[in-house]
Amino acid sequence: MEDLEQLKRILSYEKQTLQDRIARINKELAEFGDVQKTIIIKRISGKCYYYNQWLENKKLRYKSLGPVAPGVIADFEQKILKKNELEEELNTKRELLSYLEETLIRITNEINNSRKIINNYTFEVYWKDEITARVYVKGHDVTVSRFTDHPLKQIFAEKKMTRYQLNQILELRCWERGRADINELLENIGLTEYNPQEIVRKTHGVSFNDYIWIRFPGEKLTSRDVLVR
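Residues numbered from 1 in each chain as written. Predicted model: local features only at pLDDT ≥ 70, side-chain atom pairs only at ≥ 80, totals over all residues. Heavy atoms only, no water.

S.K.: Quick question: what am I supposed to make of the packing of aromatic side chains here?
M.R.: Summed over the entire model, instances satisfying the criterion amount to 5 aromatic pairs. For the ring pair Tyr 121 and Phe 123, a centre distance of 6.2 Å and an interplane angle of 25° mean the geometry is stacked. Phe 123 shares its class with Tyr 121; the two are buried. Between Trp 127 and Tyr 211 the ring centres are 5.9 Å apart and the planes differ by 85°, which places this aromatic pair in the edge-to-face class. Of this pair, Trp 127 sits in strand S4 (residues 121–127) while Tyr 211 sits in the loop between helix H5 (196–203) and strand S8 (212–215), placing them 84 residues apart in sequence. (Phe/Tyr/Trp six-rings, centres within 6.5 Å; stacked < 30°, edge-to-face > 60°. Buried < 20%, exposed > 50% of the residue type's maximum accessible area, 1.4 Å probe, protein only. Helix = DSSP H or I, 4+ residues; strand = E, 2+ residues; numbered from the N terminus.)

This is the structure:
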């Protein structure tokens, strides 16, 4: 999910960049006023004149650009070329923006679905091969089924707690946040940030100080597989 979050941040930045560019293009196009793409020549009283022509309210409209002469409308033609460029870029940017918005919606939905899966989870706590607790996490609420009250075997004092309180307990089964080599330790287990839940998923919460360990669903493990002493 971390990769999806990073992709979402990148695409969100690209989306904002596109929106800014589209706004600038629209502002530039507005500065062209009534400049239209079509230029025609009319002969009037034996003389030729340039006219800018456009359709407005289903009627053809005309604006005189002056008598025909080499280069006399070059500046106007440059404006038309620039306007055409901007309109083509605007269409391309709008299509790309639409694609990015659709992609962001799909990624956001996928992230939200992943979070739902992660938010609701369970795990078991063992002392050697003796189960001491089964933990159910749903949303912000945590329920603990305890199977022993032995102080050396049990890490939970309460049967109900919040996710925050659970994370504090799990952090006691992790390396200290402030140790000098914490980033290296996290990297060794494939993590980029300090997250007690994710750490114990990798380390099973084992410690040199006791025989307690944690098993997550689907793991075919015994104490011999995880304990360090």
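S.K.: I tried to follow the environment of Pro 67 on my own but got confused; where do I start?
M.R.: Note on placement: Pro 67 falls in strand S3 (residues 59–67). Between the C-alpha atom of Pro 67 and that of Gly 218, which follows or precedes it by 151 residues, the distance is 85 Å. Not counting residues up to four positions away in its chain, the partners in contact with Pro 67 are Cys 48, Tyr 49, Tyr 50 and Val 72. (Contact = heavy atoms within 4.5 Å.)

S.K.: What exactly am I supposed to notice about the pattern of salt bridges here?
M.R.: Side chains that differ in sign of charge can pair as their charged atoms come close. In the structure shown here, the tally under the stated rule is 11 salt bridges. Between Glu 124 and Arg 134 there is a salt bridge, with the nearest N and O atoms lying 2.7 Å from each other. Taken together, the residues span a long stretch of sequence, with Glu 124 in strand S4 and Arg 134 in strand S5 (residues 130–138) at a distance of 10 residues. We classify Glu 124 as buried; its relative accessible area is 10%. (Salt bridge = Lys/Arg side-chain N within 4 Å of Asp/Glu carboxyl O.)

S.K.: What's the story with the packing of helix H3 (residues 163–171) against H5 in this structure? I'm lost.
M.R.: When two helices pack together, their arrangement is given by the angle between the helix axes and the distance between those axes. In the contact formed by H3 and H5, the axes pass within 9 Å of each other and the chain directions differ by 45°. By the angle between their directions, the pair H3 and H5 is classed as oblique. Between H3 and H5 lies a crossing whose hand is left-handed. Seen from H3, the contacting residues are Arg 163, Asn 167, Leu 170 and Glu 171; seen from H5, they are Pro 196, Gln 197 and Val 200. Residue composition of the contact of H3 with H5, grouped by class: 3 nonpolar, 2 polar and 2 charged. (Axes fitted to C-alpha atoms, helices over the stretch in contact; angles between N-to-C directions. Parallel < 35°, antiparallel > 145°, perpendicular 65-115°, else oblique. Left-handed = near helix turned anticlockwise from the far one by under 90°. Nonpolar A, V, L, I, M, F, W, Y, C, P; charged D, E, K, R; others polar.)

S.K.: Just checking my understanding: could you explain the pairing of S4 for this structure?
M.R.: Each regular strand shows side chains that alternate between the opposite faces of the sheet. Taking burial as the measure, the 7 residues of S4 include 6 buried ones, the bulk of the element. Where S4 and S5 come together, 7 bridges link them in antiparallel fashion. When the bridges of S5 are listed, Glu 124 appears paired with Arg 134. Taking the residues that link successive antiparallel strands as the turn, the S4-S5 hairpin has 2 residues, and the phi of Lys 128 there is positive, at about 55°. Both S4 and S8 contribute to a ladder of 4 bridges, which runs antiparallel. The residue bridging Trp 127 from the neighbouring strand is Ile 212, located in S8. (Pairing = 2+ DSSP bridges.)

S.K.: Sorry, what's going on with the layout of surface pockets here?
M.R.: The gaps of empty space that remain are located by a probe, the size of a water molecule, rolled over the atoms. Roughly 310 Å³ of volume is contained in the second largest pocket. Leu 172, Arg 173, Cys 174, Trp 175, Ile 199, Thr 203, Gly 205, Val 206, Ser 207, Phe 208, Asn 209 and Val 228 are the residues that line the second largest pocket. Considered class by class, the residues forming the lining of the second largest pocket number 7 nonpolar, 4 polar and 1 charged. (1 Å grid on protein atoms, 1.4 Å probe; cavity = no way out; pocket = protein on both sides within 12 Å on 5 of 7 lines; lining within 4 Å. Points joined across faces, edges and corners; volume = space filled by probe spheres on them.)

S.K.: What is the right way to read the confidence of the model for the chain from this model?
M.R.: For any part of a model where pLDDT is low, the fine detail of the predicted coordinates should not be relied upon. With 97% of its residues at a pLDDT of at least 70, the chain reaches an overall mean of 91. Ranking the elements of the chain by mean pLDDT puts helix H2 (residues 74–119) last with 87 and S8 first with 97. (pLDDT = per-residue confidence, 0-100.)

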